[in-house]
Amino acid sequence: MDETTASTETLREWLNAAKRILAFCGAGVSAESGLPTFRDAGGLWEGHAVEDVATPEGFAADPLLVWRFYAARQRALLPAEPNPAHRALAAIEHESHLDDFLLVSQNVDDLHERAGSRRLVKLHGNLMETRCTGCGRLERLTTAVPDPDRHGLPQCHCGAMLRPNVVWFGEWLDPLVFQPILRFFESASGPSQRRRNQDRGETLVLLMGTSGLVGGGYNIPDIARSIHARIVEINPSETYLTPHSHLAVRAPASILARAIESWAPRIST
Ligand code: OAD
């Protein structure tokens, strides 16, 4: 049995044993939907200077450059479809034998939502939403903003400029986004629960498709270890988070669909 087959079999067993699962996801989960990651070869940060297109200072200096970058990402997202990884995460959420499930994603695309995920925390905001820099109004987009070079910068009804409703470098995350994460770990961390985590694998944390280079995984791996949760990294490559993991499944994120075939047989096709 090759290493990936063996690790996928262990993942299958750990998924079946778990009573609560938290999945921490990054751009690699959307890679099989055709969306670029940030730091892989050909990634978004290869073609664009982060400080120019993903900071408040960059937006203040050249909002047209920033809107070109985000309008292009919105256009790239429109034809993309949820892949088996997104659909497996949605299926796990709705799996009846679990007491709790939480999906914590750094991704700003809407593929988790379109796959049916609802117990979802979006740490870095939403690519298909704008926020007014004046009145703060949020608006959900159904298509990409009009080409800013031809139609000018997107404006609010109040007259102020709109920005993408995403978190930029140098900006604080809304503390409220961490509440569901803390509630999940609170419910998994009483003294007897820690023993059951250790003895029976009742709490499982998946680290999927993320380099873990932003926020160091937002302490999710550290908290998971502190309550003796099982930690599985699903990523074709080693990452900054690998040392925190008990199991590494060196495969694309869609392997999760194969691991839950007994619950949801049609997803991996
Ligand atoms: P990265 O581009 O840093 O890392 C993507 C990870 O996905 C890498 O570890 C790849 O090995 C892995 N990967 C690639 N293809 C995969 C596949 N098919 N299946 C599974 N994994 C795959 O992206 P993130 O970790 O998401 O933040 O980056 C985190 C944050 O940094 C982003 O949210 C964004 C970025 O700057 C902001 O812009 C604030």
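Visitor: Describe the site of the ligand, listing the residues and the values that go with them.
Guide: Residues in close proximity to the ligand total 25 residues, the closest being Ala27, Phe38, Arg39, Thr210 and Ser211. Contact distances for the ligand include 3.3 Å between a nitrogen atom and a backbone N or O atom of Gly28. The side chain of Trp45 places a nitrogen or oxygen atom 2.9 Å from an oxygen atom of the ligand. Burial of the ligand by the protein amounts to 92% of the accessible area it has alone, namely 790 Å².

Visitor: Quick rundown of the pairing of strand β4 (residues 125-132)? Include the residues and the values.
Guide: Counting buried positions over the eight residues of β4 gives seven, a clear majority of the element. The pairing of β4 with strand β6 (residues 162-166) spans five bridges and is antiparallel. Residue pairing across strands places Gly125 opposite Val166, the latter belonging to β6. Bridge analysis of β4 against strand β5 (residues 138-140) gives three bridges, and the strand direction is antiparallel. Paired with Glu129 across the strands is Arg140, a residue of β5. Here β4 folds back onto β5 in antiparallel fashion, the turn holding five residues, of which Gly136 has a positive phi close to 80 degrees.

Visitor: Break down the sheet that holds β4 for me, with residues and values.
Guide: What the three strands build is an open sheet, ordered β5-β4-β6; its pairing is antiparallel. Lying at the two open borders of the sheet, with one neighbouring strand each, are β5 and β6. Averaged over all adjacent pairs, the angle separating strand axes in this sheet is 40 degrees, with direction ignored. Contacting β4 and β6, helix α6 (residues 63-77) runs over the sheet at an angle of about 135 degrees to β4.

Visitor: Go over unusual backbone geometry, please, and point to the residues and values.
Guide: We note that Tyr218 has phi near 55 degrees; this positive angle belongs to a residue other than glycine. Note on placement: Tyr218 falls in the loop between β7 (203-208) and α12 (220-226). Since its relative accessible area comes to 16%, Tyr218 is described here as buried.

Visitor: For the environment of Val205, give the residues involved together with the corresponding values.
Guide: Within the secondary structure, Val205 sits in strand β7. Along the chain, Val205 and Met128 lie 77 residues apart, while their C-alpha atoms are 28 Å from each other.

Visitor: Run through the packing of aromatic side chains, naming residues and quoting values.
Guide: How two aromatic rings sit relative to each other is set out by the distance from centre to centre and by the angle between their planes. Under the counting rule described, the total for this entry stands at eight aromatic pairs. For the ring pair Trp45 and Phe69, a centre distance of 5.8 Å and an interplane angle of 25 degrees mean the geometry is stacked. With Trp45 in helix α3 (residues 44-47) and Phe69 in helix α6, this pair connects stretches of sequence that are 24 residues apart. Overall, the relative accessible area of 4% leaves Phe69 in the buried class.

Visitor: Requested: an account of the nonpolar core, with residues and values cited.
Guide: Grouped together as the largest cluster of nonpolar side chains are 33 residues, with contacts concentrated most on Leu11, Leu15, Leu206 and Leu256. Setting aside residues up to four positions removed in sequence, Leu256 forms contacts with Leu11, Leu15, Ala88, Leu89, Ile92, Leu206, Met208 and Ile234. Among the nonpolar cores identified, the runner-up in size contains 26 residues, and Val66, Leu127, Met128 and Trp168 belong to it.

Visitor: Tell me what's going on with the side chain of Ser117, and back it up with residues and numbers.
Guide: Note that Ser117 resides in the loop between α8 (111-115) and β3 (120-122). Owing to a relative accessible area of 2%, Ser117 belongs among the buried residues under this scheme. Excluding residues within four positions of it along the chain, Ser117 makes contact with His86, Leu89, Ala90, Glu93, Leu103 and His112.

Visitor: Can you break down the side chain of Asn107 residue by residue, with the values?
Guide: Tracing the chain through its elements places Asn107 in the loop between β2 (100-105) and α8. Judged by relative accessible area, Asn107 falls into the buried class, the value being 5%. Within the structure, Asn107 has its side chain in polar contact with the backbone nitrogen of Ala27 (distance 2.9 Å). Those residues in contact with Asn107, other than ones at most four positions away along the chain, are Gly26, Ala27, Val29, Ser30, His112, Lys122 and Gly125.

What counts and what doesn't
- Numbering of residues starts from 1 in every chain and runs along the sequence as written.
- For a predicted model such as this one, the threshold for reporting local features is a pLDDT of at least 70, and the threshold for listing and counting side-chain atom pairs is 80 or more; totals across whole chains, interfaces and linings nevertheless cover every residue.
- The basis for every side-chain value is the complete set of heavy atoms in the structure, and neither hydrogens nor water enter the calculation.
- Think of it this way: one heavy atom of a residue within 4 Å of a molecule or strand is enough to make that residue near it.
- Any pair of N or O atoms that falls within 3.5 Å is considered a polar contact. Within protein, one atom must be able to donate a hydrogen and the other to accept it, and sequence-neighbouring residues count only if both atoms are side-chain atoms.
- Working definition of accessibility: Shrake-Rupley area with a 1.4 Å probe, residue cover restricted to the visible protein chains.
- Residue burial is assigned from relative accessible area. The probe radius is 1.4 Å, only protein chains are included, and a residue is buried under 20% of its type maximum, exposed over 50%, and partly exposed in between.
- Counting from the N terminus, the helices are the DSSP runs of H or I reaching at least four residues and the strands are the DSSP runs of E reaching at least two.
- Paired strands, as defined in this entry, are two strands with at least two bridges between them according to DSSP.
- Each axis is a line fitted through C-alpha atoms, taken for helices only over the stretch in contact, and angles between the N-to-C directions span 0 to 180 degrees.
- Contact criterion: two residues are considered in contact whenever any of their non-hydrogen atoms come within 4.5 Å of each other.
- The pairing test for Phe, Tyr and Trp rings, Trp by its six-membered ring, is centres within 6.5 Å, and the orientation test on the planes gives stacked under 30 degrees, edge-to-face over 60, and tilted for anything in between.
- Nonpolar core, defined: a set of buried Ala, Val, Leu, Ile, Met, Phe, Trp, Tyr and Cys residues in which side-chain atoms within 4.5 Å join the residues together.

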